[in-house]
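# Close look at the chain arrangement
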Amino acid sequence: DAGVTQSPTHLIKTRGQQVTLRCSPKSGHDTVSWYQQALGQGPQFIFQYYEEEERQRGNFPDRFSGHQFPNYSSELNVNALLLGDSALYLCASSLFPQNAEAFFGQGTRLTVV
Amino acid sequence: AQSVTQPDIHITVSEGASLELRCNYSYGATPYLFWYVQSPGQGLQLLLKYFSGDTLVQGIKGFEAEFKRSQSSFNLRKPSVHWSDAAEYFCAVGGRTGANNLFFGTGTRLTVIP
(Lines give C-alpha, C1' and ligand atoms only; values in the text may rest on other atoms or scores of the structure.)
Protein backbone atom coordinates (compact mmCIF):
# COMPACT_ATOMS: atom_id res chain seq x y z
CA ASP A 1 0.00 0.00 0.00
CA ALA A 2 1.68 3.16 -1.19
CA GLY A 3 1.62 6.05 1.20
CA VAL A 4 1.50 9.68 0.20
CA THR A 5 3.86 10.38 -2.68
CA GLN A 6 5.11 13.76 -3.76
CA SER A 7 7.06 14.90 -6.79
CA PRO A 8 9.56 16.21 -7.42
CA THR A 9 11.66 15.74 -4.30
CA HIS A 10 13.79 18.79 -4.95
CA LEU A 11 13.72 21.68 -7.36
CA ILE A 12 15.33 25.04 -7.87
CA LYS A 13 13.46 27.96 -9.39
CA THR A 14 14.30 31.56 -10.15
CA ARG A 15 12.48 34.43 -8.50
CA GLY A 16 9.41 35.41 -10.52
CA GLN A 17 8.90 31.97 -12.03
CA GLN A 18 6.01 29.62 -11.48
CA VAL A 19 6.14 26.13 -9.98
CA THR A 20 3.83 23.12 -9.78
CA LEU A 21 4.16 20.46 -7.11
CA ARG A 22 2.31 17.17 -7.21
CA CYS A 23 0.84 14.83 -4.62
CA SER A 24 -0.80 11.42 -4.73
CA PRO A 25 -2.73 10.59 -1.57
CA LYS A 26 -2.59 7.38 0.36
CA SER A 27 -4.76 4.68 -1.15
CA GLY A 28 -8.36 5.08 -0.01
CA HIS A 29 -7.97 8.71 1.02
CA ASP A 30 -9.99 11.46 -0.61
CA THR A 31 -8.80 14.66 1.08
CA VAL A 32 -5.51 16.41 0.44
CA SER A 33 -3.97 19.23 2.45
CA TRP A 34 -0.85 21.23 1.67
CA TYR A 35 1.61 22.69 4.17
CA GLN A 36 4.64 24.93 3.90
CA GLN A 37 7.52 24.31 6.29
CA ALA A 38 10.17 26.99 6.35
CA LEU A 39 13.58 26.10 7.72
CA GLY A 40 13.49 25.73 11.49
CA GLN A 41 9.73 26.15 11.67
CA GLY A 42 6.69 23.97 12.03
CA PRO A 43 4.48 23.30 9.00
CA GLN A 44 1.90 25.96 8.13
CA PHE A 45 -1.42 25.03 6.56
CA ILE A 46 -1.88 26.36 3.04
CA PHE A 47 -5.18 24.82 1.92
CA GLN A 48 -7.20 21.65 1.69
CA TYR A 49 -9.02 19.98 -1.17
CA TYR A 50 -11.97 17.63 -1.07
CA GLU A 51 -14.24 16.68 -3.95
CA GLU A 52 -12.07 18.76 -6.27
CA GLU A 53 -12.81 21.96 -4.38
CA GLU A 54 -10.79 24.08 -2.01
CA ARG A 55 -12.51 23.63 1.35
CA GLN A 56 -10.26 25.48 3.78
CA ARG A 57 -7.46 27.94 3.33
CA GLY A 58 -4.74 29.24 5.58
CA ASN A 59 -3.16 32.67 5.56
CA PHE A 60 -1.45 32.47 2.19
CA PRO A 61 -1.71 34.89 -0.75
CA ASP A 62 -3.54 34.14 -3.97
CA ARG A 63 -0.20 33.33 -5.60
CA PHE A 64 -0.72 29.93 -4.01
CA SER A 65 -3.38 27.93 -5.79
CA GLY A 66 -4.24 24.30 -6.14
CA HIS A 67 -6.23 21.68 -7.86
CA GLN A 68 -7.60 18.24 -7.10
CA PHE A 69 -8.25 15.69 -9.79
CA PRO A 70 -10.98 13.02 -9.94
CA ASN A 71 -8.46 10.39 -8.79
CA TYR A 72 -7.90 12.53 -5.64
CA SER A 73 -4.35 13.53 -6.56
CA SER A 74 -3.53 17.18 -6.17
CA GLU A 75 -1.29 19.95 -7.42
CA LEU A 76 0.03 23.02 -5.66
CA ASN A 77 0.89 25.97 -7.89
CA VAL A 78 2.87 28.98 -6.81
CA ASN A 79 3.12 31.99 -9.12
CA ALA A 80 5.58 34.88 -9.09
CA LEU A 81 7.97 33.07 -6.79
CA LEU A 82 9.68 35.02 -4.04
CA LEU A 83 12.85 34.13 -2.19
CA GLY A 84 10.70 33.66 0.89
CA ASP A 85 8.81 30.83 -0.80
CA SER A 86 11.84 28.61 -0.33
CA ALA A 87 10.65 25.83 1.94
CA LEU A 88 9.70 22.19 2.28
CA TYR A 89 6.20 21.70 0.91
CA LEU A 90 4.32 18.85 2.51
CA CYS A 91 1.23 17.12 1.30
CA ALA A 92 -1.04 15.25 3.69
CA SER A 93 -3.99 13.02 2.94
CA SER A 94 -6.91 11.89 5.03
CA LEU A 95 -10.36 10.34 4.68
CA PHE A 96 -13.42 12.52 4.94
CA PRO A 97 -15.36 12.99 7.15
CA GLN A 98 -13.58 11.35 10.05
CA ASN A 99 -10.21 12.82 9.14
CA ALA A 100 -8.85 11.09 12.19
CA GLU A 101 -5.34 10.94 10.89
CA ALA A 102 -3.34 12.85 8.32
CA PHE A 103 -0.60 10.95 6.53
CA PHE A 104 2.24 13.07 5.25
CA GLY A 105 4.45 12.67 2.24
CA GLN A 106 8.20 13.18 2.25
CA GLY A 107 7.81 16.67 0.88
CA THR A 108 9.20 18.72 -1.98
CA ARG A 109 12.15 20.95 -1.18
CA LEU A 110 11.76 24.18 -3.18
CA THR A 111 14.65 26.59 -3.42
CA VAL A 112 14.05 29.99 -5.01
CA VAL A 113 17.18 31.82 -6.16
CA ALA B 1 -7.35 31.84 17.56
CA GLN B 2 -5.57 28.57 17.96
CA SER B 3 -1.91 28.34 18.87
CA VAL B 4 0.60 25.75 19.98
CA THR B 5 3.63 26.47 22.12
CA GLN B 6 6.58 24.16 22.43
CA PRO B 7 8.77 25.98 24.93
CA ASP B 8 11.86 23.83 24.46
CA ILE B 9 13.65 24.46 21.18
CA HIS B 10 16.34 21.85 21.80
CA ILE B 11 16.64 19.06 24.36
CA THR B 12 19.59 16.74 24.91
CA VAL B 13 19.19 13.48 26.81
CA SER B 14 21.35 10.46 27.40
CA GLU B 15 20.38 7.17 25.86
CA GLY B 16 18.25 5.22 28.31
CA ALA B 17 17.10 8.31 30.17
CA SER B 18 13.47 9.38 30.34
CA LEU B 19 12.08 12.11 28.14
CA GLU B 20 9.32 14.66 28.39
CA LEU B 21 8.57 17.16 25.66
CA ARG B 22 6.22 19.99 26.54
CA CYS B 23 3.30 21.26 24.54
CA ASN B 24 0.75 23.91 25.46
CA TYR B 25 -2.14 24.82 23.23
CA SER B 26 -4.80 27.45 22.90
CA TYR B 27 -8.07 26.52 21.28
CA GLY B 28 -11.63 27.65 21.80
CA ALA B 29 -13.22 24.23 21.86
CA THR B 30 -12.30 20.65 22.63
CA PRO B 31 -9.08 20.17 20.71
CA TYR B 32 -7.84 17.32 18.67
CA LEU B 33 -4.18 16.94 19.59
CA PHE B 34 -1.33 15.25 17.80
CA TRP B 35 2.37 14.55 18.13
CA TYR B 36 4.44 14.08 14.97
CA VAL B 37 8.11 13.20 14.52
CA GLN B 38 10.29 14.35 11.65
CA SER B 39 13.72 12.96 10.83
CA PRO B 40 16.10 15.18 8.85
CA GLY B 41 14.89 15.76 5.31
CA GLN B 42 11.83 13.60 5.86
CA GLY B 43 8.10 14.08 6.13
CA LEU B 44 6.09 13.80 9.31
CA GLN B 45 5.16 10.57 11.04
CA LEU B 46 2.28 10.45 13.49
CA LEU B 47 3.30 9.25 16.96
CA LEU B 48 -0.07 9.51 18.66
CA LYS B 49 -3.29 11.46 18.77
CA TYR B 50 -5.98 12.47 21.25
CA PHE B 51 -9.57 13.02 20.26
CA SER B 52 -11.54 12.12 23.38
CA GLY B 53 -11.78 9.58 26.17
CA ASP B 54 -8.83 8.41 28.21
CA THR B 55 -6.50 11.34 28.68
CA LEU B 56 -3.39 9.15 28.61
CA VAL B 57 -2.78 7.97 25.08
CA GLN B 58 -0.27 5.44 23.87
CA GLY B 59 1.53 5.78 20.59
CA ILE B 60 4.11 4.09 18.48
CA LYS B 61 7.77 3.57 19.41
CA GLY B 62 6.96 3.49 23.13
CA PHE B 63 5.73 7.09 23.33
CA GLU B 64 2.78 8.28 25.36
CA ALA B 65 1.14 11.63 25.98
CA GLU B 66 -1.23 12.98 28.59
CA PHE B 67 -3.96 15.52 27.88
CA LYS B 68 -4.51 17.92 30.76
CA ARG B 69 -7.40 20.23 30.02
CA SER B 70 -6.86 22.37 33.13
CA GLN B 71 -3.30 23.13 32.04
CA SER B 72 -3.99 23.20 28.28
CA SER B 73 -1.12 20.80 27.88
CA PHE B 74 -0.37 17.66 25.92
CA ASN B 75 3.13 16.59 26.95
CA LEU B 76 4.91 13.73 25.22
CA ARG B 77 6.84 11.19 27.29
CA LYS B 78 9.03 8.16 26.84
CA PRO B 79 10.50 6.18 29.76
CA SER B 80 13.75 5.20 28.03
CA VAL B 81 15.12 7.02 25.00
CA HIS B 82 16.93 5.21 22.19
CA TRP B 83 19.54 6.79 19.92
CA SER B 84 17.12 6.38 17.01
CA ASP B 85 14.69 8.77 18.70
CA ALA B 86 16.87 11.72 17.77
CA ALA B 87 14.66 13.88 15.54
CA GLU B 88 12.39 16.91 15.50
CA TYR B 89 9.11 16.59 17.37
CA PHE B 90 6.03 18.64 16.59
CA CYS B 91 2.88 19.07 18.60
CA ALA B 92 -0.21 20.02 16.61
CA VAL B 93 -3.81 20.93 17.27
CA GLY B 94 -6.58 20.13 14.83
CA GLY B 95 -9.86 21.85 14.28
CA ARG B 96 -13.33 20.50 14.76
CA THR B 97 -12.91 18.42 11.63
CA GLY B 98 -10.04 16.46 13.07
CA ALA B 99 -6.73 16.25 11.28
CA ASN B 100 -7.77 18.38 8.33
CA ASN B 101 -6.28 21.71 9.23
CA LEU B 102 -3.46 21.21 11.66
CA PHE B 103 -1.80 24.04 13.53
CA PHE B 104 1.76 23.11 14.48
CA GLY B 105 4.15 24.30 17.12
CA THR B 106 7.67 25.31 16.18
CA GLY B 107 9.07 21.96 17.20
CA THR B 108 11.57 20.55 19.68
CA ARG B 109 14.81 19.09 18.41
CA LEU B 110 15.90 16.04 20.39
CA THR B 111 19.55 15.04 20.59
CA VAL B 112 20.44 11.70 22.17
CA ILE B 113 23.95 11.21 23.50
CA PRO B 114 25.48 7.77 24.15
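Just above sits the structure.
Read on for an overview of the structure.

### Observations concerning the nonpolar core
In this structure, Leu19(B), Trp35(B), Leu47(B), Leu48(B), Phe74(B), Leu76(B) and Tyr89(B) are the most contacted members of the largest nonpolar core, which totals 26 residues. Residue assignment for this core shows that the elements contributing at least two residues are β2 (10-14), β3 (19-21), β5 (32-38), β6 (45-50), β8 (64-68), β9 (73-78), β10 (87-94) and β12 (108-113) of chain B. In terms of residue count, the dominant contributor to this core is β10(B) (four residues). Other than its neighbours up to four places away in sequence, Leu76(B) contacts Leu19(B), Glu20(B), Leu21(B), Trp35(B), Leu47(B), Leu48(B), Phe63(B), Glu64(B), Ala65(B) and Tyr89(B). Within the second largest apolar cluster, 20 residues are counted, among which are Val4(A), Val19(A), Tyr89(A) and Val112(A).

### Side note on the state of the cysteines
Across all of its chains, the model carries two disulfides over all chains by this definition. The side chain of Cys23(A) participates in a disulfide bridge whose partner is Cys91(A); the two sulfur atoms lie 1.8 Å from each other. The chirality of the disulfide connecting Cys23(A) with Cys91(A) is left-handed, given an S-S dihedral of about -60°. Here Cys91(A) lies in strand β9 (residues 87-94) and Cys23(A) lies in strand β3 (residues 19-24), a separation of 68 residues in the sequence. Neither residue differs from the other here; Cys23(A) and Cys91(A) are each classed as buried. At a sulfur-sulfur separation of 2.0 Å, the disulfide partner of Cys23(B) is Cys91(B). Disulfide Cys23(B) to Cys91(B): torsion about the S-S bond roughly -65°, handedness left-handed. Here the residue Cys23(B) occupies a position in the loop between β3 and β4 (24-26), and Cys91(B) occupies one in strand β10, the gap between them amounting to 68 residues. Since its relative accessible area comes to 0%, Cys91(B) is described here as buried.

Definitions and limits used
- Residues numbered from 1 in each chain as written.
- Chains lettered and ligands numbered in written order.
- Predicted model: local features only at pLDDT ≥ 70, side-chain atom pairs only at ≥ 80, totals over all residues.
- Heavy atoms only, no water.
- Core = buried A, V, L, I, M, F, W, Y, C linked by side-chain atoms within 4.5 Å.
- Buried < 20%, exposed > 50% of the residue type's maximum accessible area, 1.4 Å probe, protein only.
- Helix = DSSP H or I, 4+ residues; strand = E, 2+ residues; numbered from the N terminus.
- Contact = heavy atoms within 4.5 Å.
- Disulfide = S-S within 2.5 Å.

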